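# Breakdown of the fold
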Amino acid sequence: MPRPTTASAALFERARAVTPGGVNSPVRAFNAVGGTPRFIRSAAGAWITDADGNEYVDLICSWGPMLLGHAHPEVQARVAEAVARGTSYGAPTEPEVELAEEIVARTPVERVRFVSSGTEATMSAIRLARGFTGRDVVVKFAGCYHGHVDSLLASAGSGLATFAVPGTPGVPASSTELTLVLPYNDRAAVEKVFAEYPDRIACLITEAAPGNMGVVPPEPGFNHFLAETCVRNGALFVSDEVMTGFRASKLGQWGLDGAVEGWRPDLVTFGKVMGGGFPAAAFGGRADVMSRLAPEGPVYQAGTLSGNPIATTAGLATLRLATDEVYAHIGAAADTIRAAASEALTAAGVTHVVQATGTMFSIFFTAGDGGRVRDFEDASTTDSSAYAAFFHAMLDAGVYLPPSAYEAWFLSAAHDDRAVQAVLDALPGAARAAAAAQA
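Only a predicted model underlies this, so the values are computations on that prediction, with no experimental measurement involved.

### Brief notes about the UniProt feature "modified residue: N6-(pyridoxal phosphate)lysine" (unreviewed entry) in the protein chain
In this structure's numbering, the residues bearing the UniProt feature "modified residue: N6-(pyridoxal phosphate)lysine" (unreviewed entry) are K272. Summarising the element assignment, K272 is placed in the loop between strand 12 (267–270) and strand 13 (281–285). Apart from residues lying up to four places away in sequence, K272 is in contact with W63, P65, V242, M243, G277 and A280.

### Digging into the packing of helix 11 (residues 324–347) against helix 14 (residues 417–438)
Taken N-terminus to C-terminus, the directions of helix 11 and helix 14 make an angle of 20°; their axes are 9 Å apart at the nearest point. In terms of axis orientation, helix 11 runs roughly parallel to helix 14. Both helix 11 and helix 14 take part in a crossing whose hand is right-handed. Note on element contacts: helix 14 touches helix 11 through V420, V423, L424, L427, P428 and A431, opposite A333, T336, I337, A340, A341, A344 and L345.

### Describing helix 14
If you check helix 14, its first and last C-alpha atoms are 31 Å apart, about what 22 residues at 1.5 Å a residue would give, namely 32 Å. For helix 14, the principal kink sits at L427 and spans about 35°; a proline, P428, occurs within the next four residues. For helix 14, the complete set of buried residues consists of A419, V420, V423, A426, L427, A430, A431, A434 and A435. Buried-residue contacts for helix 14 involve strand 2 (47–50), strand 3 (55–58), helix 11, helix 13 (384–396) and strand 16 (399–400).

### Here we look at helix 13
Here helix 13 spans 18 Å end to end across 13 residues, near enough to the 18 Å set by a 1.5 Å rise per residue. The complete set of buried residues in helix 13 reads A386, Y387, A388, F390, F391, A393, M394 and L395. In this structure, the buried residues of helix 13 make contact with strand 3, helix 11, strand 16 and helix 14. For helix 13, the N-terminal capping position is held by D383, with its side-chain oxygen 3.1 Å away from the main-chain nitrogen of S385. After helix 13 finishes, the residue G398 shows a positive phi value of roughly 95°.

### Some words on the confidence of the model for the protein chain
On average, the protein chain scores 94 in pLDDT, and the residues at 70 or more come to 97%. Under a pLDDT of 50 for its full length, residues 156–165 has, in the predicted model, 27 contacts with residues more than four places off or in other chains.

### What to know about unusual backbone geometry
The step from A294 to P295 runs through a cis peptide bond, and the omega angle for that step is 10°. Within the secondary structure layout, P295 lies in the loop between helix 9 (287–290) and helix 10 (309–321). Unlike most non-glycine residues, C61 shows phi in positive territory, near 55°. One non-glycine residue, A71, lies in the positive phi region at around 55°. Residue placement: A71 occurs in the loop between strand 3 and helix 2 (73–85).

### Quick notes on empty space enclosed by the protein
One pass over the structure, following the stated rule, counts 1 cavity of 30 Å³ or more. In this structure, the largest cavity encloses a volume near 40 Å³. Contributing to the lining of the largest cavity are T107, P108, E241, G245, F246, L251, W254, V268 and F270. Broken down by class, the residue content of the lining of the largest cavity amounts to 6 nonpolar, 2 polar and 1 charged.

### Observations regarding the pairing of strand 13
Judged by how many residues are buried, strand 13 sits mostly within the fold: 5 of 5 residues are covered. Taking every second residue as pointing to the same face, both faces of strand 13 are buried, with A281, F283 and G285 on one and A282 and G284 on the other. As defined by bridge partners, strand 4 (residues 111–115) adjoins strand 13 across 5 bridges and the pair is classed as antiparallel. By the bridge assignment, F114 is partnered in strand 13 with A282. Relative to strand 13, strand 12 runs antiparallel, the two being bridged by 4 bridges. Paired with V268 across the strands is G284, a residue of strand 13.

### Remarks on the pattern of salt bridges
Enumeration over the complete set of coordinates arrives at 13 salt bridges. Note that R372 is salt-bridged to E219, the shortest N-O span being 2.9 Å. Residue R372 is found in the loop between strand 15 (360–364) and helix 12 (376–379), and its partner E219 is found in the loop between strand 10 (201–207) and helix 7 (222–233); the two are separated by 153 residues along the sequence. Classification of E219 by relative accessible area gives partly exposed; the value is 22%.

Scoring rules and cut-offs
- Residues numbered from 1 in each chain as written.
- Predicted model: local features only at pLDDT ≥ 70, side-chain atom pairs only at ≥ 80, totals over all residues.
- Heavy atoms only, no water.
- UniProt positions renumbered as here; feature names shortened; annotations may be inferred.
- Helix = DSSP H or I, 4+ residues; strand = E, 2+ residues; numbered from the N terminus.
- Contact = heavy atoms within 4.5 Å.
- Axes fitted to C-alpha atoms, helices over the stretch in contact; angles between N-to-C directions.
- Parallel < 35°, antiparallel > 145°, perpendicular 65-115°, else oblique.
- Left-handed = near helix turned anticlockwise from the far one by under 90°.
- Expected span 1.5 Å × (residues − 1).
- Bend = angle between axes of the 7 residues up to and from the residue.
- Buried < 20%, exposed > 50% of the residue type's maximum accessible area, 1.4 Å probe, protein only.
- Polar contact = N/O pair within 3.5 Å; in protein donor to acceptor, adjacent residues only side chain to side chain.
- pLDDT = per-residue confidence, 0-100.
- 1 Å grid on protein atoms, 1.4 Å probe; cavity = no way out; pocket = protein on both sides within 12 Å on 5 of 7 lines; lining within 4 Å.
- Points joined across faces, edges and corners; volume = space filled by probe spheres on them.
- Nonpolar A, V, L, I, M, F, W, Y, C, P; charged D, E, K, R; others polar.
- Pairing = 2+ DSSP bridges.
- Salt bridge = Lys/Arg side-chain N within 4 Å of Asp/Glu carboxyl O.

Next comes the structure, spelled out in structure tokens:
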């Protein structure tokens with residue numbers, strides 16, 4: 001049955017008086033699913049508690065960062081020690097060096113530069129790619145989100161490469177006119193665009209495994225193909241692992257493909273897990289490319305709070321605690337929930353596709369293309385009304401899902417048998433609610 005939302009509703013009303021839409025990031029407003037957004041008061045382990053005192057199993061995990069669960073005692077202790085020493089100095093610190101060493105040791109990058117958000121990371125990587133190559137055109141894929149960078153907030157209307165148009169008011173056409181948008185997982189479109197714009201493409205950027213249109217994994221060998229295509233054409237391959245980095249696997253999505261297939265991207269962007277729940281991100285890559293950054297090179301990038309000692313301490317503690325056993329536990333719990341969700345939806349007669357990469361997964365309320373969702377066009381056929389009904393039934397049963405049909409689901413090391421069982425118990429009723437909406 002519906003849970004009380006009086007306190008959340010009151011906070012939302014206050015927030016709307018002082019903040020556009022009442023939220024500081026659009027998806028939090030519940031516009032895609034309807035209803036009152038829950039204002040969270042506290043969190044511990046796999047559970048979050050809202051302003052009305054309702055408890056929920058959390059399947060968002062702050063959109064990925066809480067790999068170990070909320071308020072992990074060891075991470076909290078390290079952060080408390082760091083806060084006691086001061087919160088920001090505007091000067092280099094040891095934790096940022098240690099975190100950089102940890103990232104370089106785990107990933108395909110040779111050097112790394114810290115920033116404060118994923119958007120800042122992708123913006124800086126694009127600037128660096130243009131500065132390094134001396135070229136101006138950027139290639140991206142429809143459905144891949146790389147933050148609210150003007151040049152990357154673009155969409156395309158067909159499978160053929162066209163110069164993109166802005167995807168939001170406030171972005172002038174001049175900001176996106178050098179961005180080309182292609183359908184995801186389409187090799188022919190990639191080959192065509194490189195043939196049509198020789199010597200002009202600075203870089204191709206892609207989510208290592210898209211999670212912002214729901215989880216749409218790269219088809220086998222697709223990222224390898226992209227890397228090789230960029231090499232042949234003198235462009236840089238930028239792999240956006242802001243979401244998948246240290247989340248899809250211990251080595252991110254690259255650990256599932258590049259590390260196995262023997263290739264490396266030229267630049268990689270990171271965020272989420274590497275900040276341990278704090279606003280932190282990074283970009284890194286080949287040493288010769290990264291050496292073009294100021295103060296070593298001419299490409300300028302700076303940030304007062306970049307490498308913040310509290311954020312880097314939290315990120316370092318999280319990565320050091322993210323053992324093989326942690327990933328095995330999250331993967332097993334995710335597999336259990338994913339299978340149970342598909343079984344419940346099938347039993348209720350709900351058309352759906354479940355897709356995953358590593359520990360991340362999502363459910364599409366569509367038949368897709370032959371039982372799979374391979375690009376943004378396929379993802380766009382999902383039944384948003386069915387998802388909204390499913391979402392609210394799960395919420396009423398005490399499970400907090402992403403308030404959008406186009407997002408990934410995340411678990412943590414803290415999702416124990418009790419938390420997983422709570423999700424399993426909620427699924428049959430939510431599947432029936434989705435079936436009613438789909439009918």
